[in-house]
Amino acid sequence: MKIALIAPPYPLEEVPSPPLGLTYIAAACESAGAQVTILDYIVRGYSETKLKKELNAFGPDVVGINSVTLNFNQAAGILCAAKQNNPDVITLMGGPHVSFDSENTLVAYPEIDIIVKGEGEVTIQELLGVIHTPANWHNIPGIVFREKGKIRTTARRPFIKDLDSLPLPARHLLPMARYQALGYPVSIITSRGCPNQCIFCLGRRMVGHKVRFRSAVHIADEIEALLSLGTRFINIADDLFTASKRRVTQLCNELLKRKLQVSWSAFSRVNTIDTQTLKLMKSAGCHSVSFGIESGNPDMLKRVKKGITIAQAKKAATACREAGIRGHASFMVGLPGETHETMKDSLKLQKELEIESAYHFLAPFPGTTVREDIADYDLEILTNDWDEYNANKSIVRTSALSPEEMDAFVHDAGQENRKIWEDLKKRYENKTATPFEQMQVGGHYRMEMIFKLLTQDFIEQLSLFSGDINTCLKALCVKISAMANLDVDFTEFTIKDLIAKGYIQTEDSSGRTRFFWALH
């Protein structure tokens, strides 16, 4: 059986990384004996013509895609195009959005055959055994499908107890060199589950309230495998990495024992961290920890069931400074009952913490308590256009605040940081920046340029040139700079670096040079 899995486009500002959930599903399909390909449109340009060409070349029996809310519309459109290209192919969709909006999805998109809800690894393995006999789909827990014009939802799928039983993500099916060129970290998980009850989050419902841990040895094996592929930066994407200090200690000691040279980040909570734990994490390679603090108003924290206090937030920030580790605090604007005073409280706490911080807007995703019980809260949701659910602008109002007032608050709160960044860019352009500032600004421009190269297929369009390698390289850079509106010297410097690191490769034949991205 052939299965094509699709990674839909994802915006640069959302920090795209190799799709972890999709590669877990791919590994589950391979372990079930299927032949699998991943069509990755995160770091490659997408067009319907390209999709159909690649699907026809592979000839899949099944096409699957996953998404979050902000790229759901595009993901659904891609799956519809796959079905229209070959009506006999069976189409699957998974991810947090459709797990909690499955019926609406199937009604709106008749081209989608099956929704896989929640954790999908065991579900997909069982489903593949009966995929061509729809009469048996009823026996597979965790799916939603149509039967005789009606939507059928099967029994709930139990959470996977032993995470070590899962095969490691099938990253060999991804164009990893492209992600490495971008410089973003590769995500891994060390656990699944979230014991907390925040009303704006899907974690508890998607992966359960009981935290299930992978063994330290199993995690370290995966990290070693990533290091062997050239990965040096890892993000631990657990909902709560520090759910168990004992387990954190075991993992850090395992990394130290193996002397792994890896830099990693993690998500924590201010009531589950201390200076000693942070120091151990830093010794094992952790460089930064992120905290979802959400609000500086105690009543708001209780209202959204955050389960933390202002004192705990301050203590965690102090612990980061004492441990010499980067702390990052995330605040949310637009929570139920938000007022000018609650936003001022958040701004006050943000300044008092003295760690890096940022504001995001509430996005009431399908499946969250705040959306499902909206009548219980001082909140109005203003749109169901999922493209707007990116947390970058307000899509709600409260009795005290309009979306425009929330937007204005966040804009004003970020004014100082924007001025610092604009001054940095001026010093960079005037060549008066320090070496560290040059690295900061140059790295930003480099990342933007590489994302253009990847998602607009510039290398593929301009792959073949006549002449020696140096002549061809200059011709390539001149054309890229013109197409992407970039400085020629900066383009040439970046392309040479990508070639030196092996991300872009060259092939000389009969006086002609071909440029192409490395496959892995």
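Note that the structure is a prediction, hence the values are computed from the model and not measured.

Draft legend 1. Structural view of the pairing of strand 20 (residues 512-517). Only one face of strand 20 is buried, namely the one carrying Thr513, Phe515 and Trp517, since none of Arg512, Arg514 and Phe516 on the opposite face is buried. As judged from the three bridges shared by strand 18 (residues 464-466) and strand 20, these two strands associate in the antiparallel manner. Among the inter-strand pairings, Phe465 is bridged to a residue of strand 20, identified as Thr513. Pairing geometry for strand 19 (residues 504-509) and strand 20, over six bridges, is antiparallel.

Draft legend 2. Broad picture of the sheet that holds strand 1 (residues 2-7). A sheet is described by the order of its strands in space; here seven strands give the open sequence 2-1-3-4-5-6-7, paired in mixed fashion. Each edge of the sheet is formed by a strand with only one pairing partner; in this case those strands are strand 2 (35-40) and strand 7 (150-153). Between one strand axis and the next, the sheet turns through 20 degrees on average, direction left out of account. Its contacts with the sheet put helix 2 (residues 48-58) on strand 1, strand 2 and strand 3 (62-66), and the angle it makes with strand 2 is roughly 170 degrees.

Draft legend 3. Region of the structure containing the packing of helix 9 (residues 216-228) against helix 10 (residues 245-258). Viewed as axis vectors pointing N to C, helix 9 and helix 10 meet at an angle of 45 degrees, and their least axial separation amounts to 9 Å. Relative to helix 10, the element helix 9 lies oblique. For the pair helix 9 and helix 10, the sense of crossing is right-handed. Contacts from Ala216, Val217, Ile219, Ala220, Asp221, Ile223 and Glu224 in helix 9 reach Arg247, Gln250, Leu251, Glu254, Leu255 and Arg258 in helix 10. A per-class count over the contact of helix 9 with helix 10 returns seven nonpolar, one polar and five charged.

Draft legend 4. Examining helix 1 (residues 20-31) more closely. Counted at 1.5 Å a residue, the expected span for helix 1 with its twelve residues is 16 Å, and the 17 Å between its end C-alpha atoms agrees. Within the span of helix 1, buried status applies to Leu20, Leu22, Thr23, Tyr24, Ile25, Ala26, Ala27, Ala28 and Cys29. Just downstream of helix 1 lies Gly33, where phi reads positive at about 95 degrees.

Draft legend 5. A look at the sheet that holds strand 20. The strand order 18-20-19 describes an open sheet built from three strands, whose pairing is antiparallel. Every other strand in the sheet has two partners, leaving strand 18 and strand 19 as the edge strands with one partner each. Across the sheet, the mean angle separating the axes of adjacent strands is 25 degrees when strand polarity is ignored. In this fold helix 20 (residues 469-484) packs onto strand 18, strand 19 and strand 20, with an angle of close to 55 degrees to the strand it touches most, strand 20.

Draft legend 6. Representation of the side chain of His97 in the model. Secondary-structure assignment places His97 in helix 4 (residues 96-99). Of the polar contacts made by the side chain of His97, one reaches the side chain of Thr69; its length is 2.9 Å. The contact partners of His97, leaving out residues within four places of it in the chain, are Ser67, Val68, Thr69, Phe72, Pro366 and Trp386.

Draft legend 7. Layout of the packing of helix 10 against helix 11 (residues 275-283). In contact at an axis separation of 9 Å, helix 10 and helix 11 are set at 25 degrees when each is read in the N-to-C sense. In terms of their interaxial angle, helix 10 and helix 11 are classed as roughly parallel. Pair helix 10 / helix 11 crosses with left-handed handedness. Contacts between helix 10 and helix 11 involve Lys245, Val248, Thr249, Cys252, Asn253 and Leu256 on the former and, on the latter, Thr277, Leu280, Met281 and Ser283. Residues of the contact of helix 10 with helix 11, tallied by class, amount to five nonpolar, four polar and one charged.

Draft legend 8. Examining the nonpolar core more closely. Ranked by size, the top nonpolar core spans 154 residues in total, and within it Met93, Leu127, Trp264, Met281, Ile495 and Trp517 carry the most contacts. When residues in this core are grouped by element, the largest group, eight residues, is from helix 3 (residues 72-85). Beyond its immediate stretch of four places on either side in the chain, Met281 contacts Phe241, Thr242, Val248, Cys252, Trp264, Ile273, Cys286 and Val289. Core analysis: the second largest hydrophobic core is formed by six residues, Leu20, Tyr24, Leu166 and Ile189 among them.

Draft legend 9. Representation of the pattern of salt bridges. As enumerated under the stated definition, the model contains 34 salt bridges in all. Measuring nitrogen to oxygen at the nearest pair gives 2.6 Å for the salt bridge that ties Lys50 to Asp457. With Lys50 in helix 2 and Asp457 in the loop between helix 18 (435-455) and helix 19 (458-461), the pair connects residues that are 407 residues apart, well separated along the chain. Of the two residues, Lys50 and Asp457, both sit in the buried class. When the shortest N-O distance is used, the salt bridge between Glu356 and Arg326 registers 2.9 Å.

What counts, and at which threshold
Residues numbered from 1 in each chain as written. Predicted model: local features only at pLDDT ≥ 70, side-chain atom pairs only at ≥ 80, totals over all residues. Heavy atoms only, no water. Buried < 20%, exposed > 50% of the residue type's maximum accessible area, 1.4 Å probe, protein only. Helix = DSSP H or I, 4+ residues; strand = E, 2+ residues; numbered from the N terminus. Pairing = 2+ DSSP bridges. Axes fitted to C-alpha atoms, helices over the stretch in contact; angles between N-to-C directions. Contact = heavy atoms within 4.5 Å. Parallel < 35°, antiparallel > 145°, perpendicular 65-115°, else oblique. Left-handed = near helix turned anticlockwise from the far one by under 90°. Nonpolar A, V, L, I, M, F, W, Y, C, P; charged D, E, K, R; others polar. Expected span 1.5 Å × (residues − 1). Polar contact = N/O pair within 3.5 Å; in protein donor to acceptor, adjacent residues only side chain to side chain. Core = buried A, V, L, I, M, F, W, Y, C linked by side-chain atoms within 4.5 Å. Salt bridge = Lys/Arg side-chain N within 4 Å of Asp/Glu carboxyl O.

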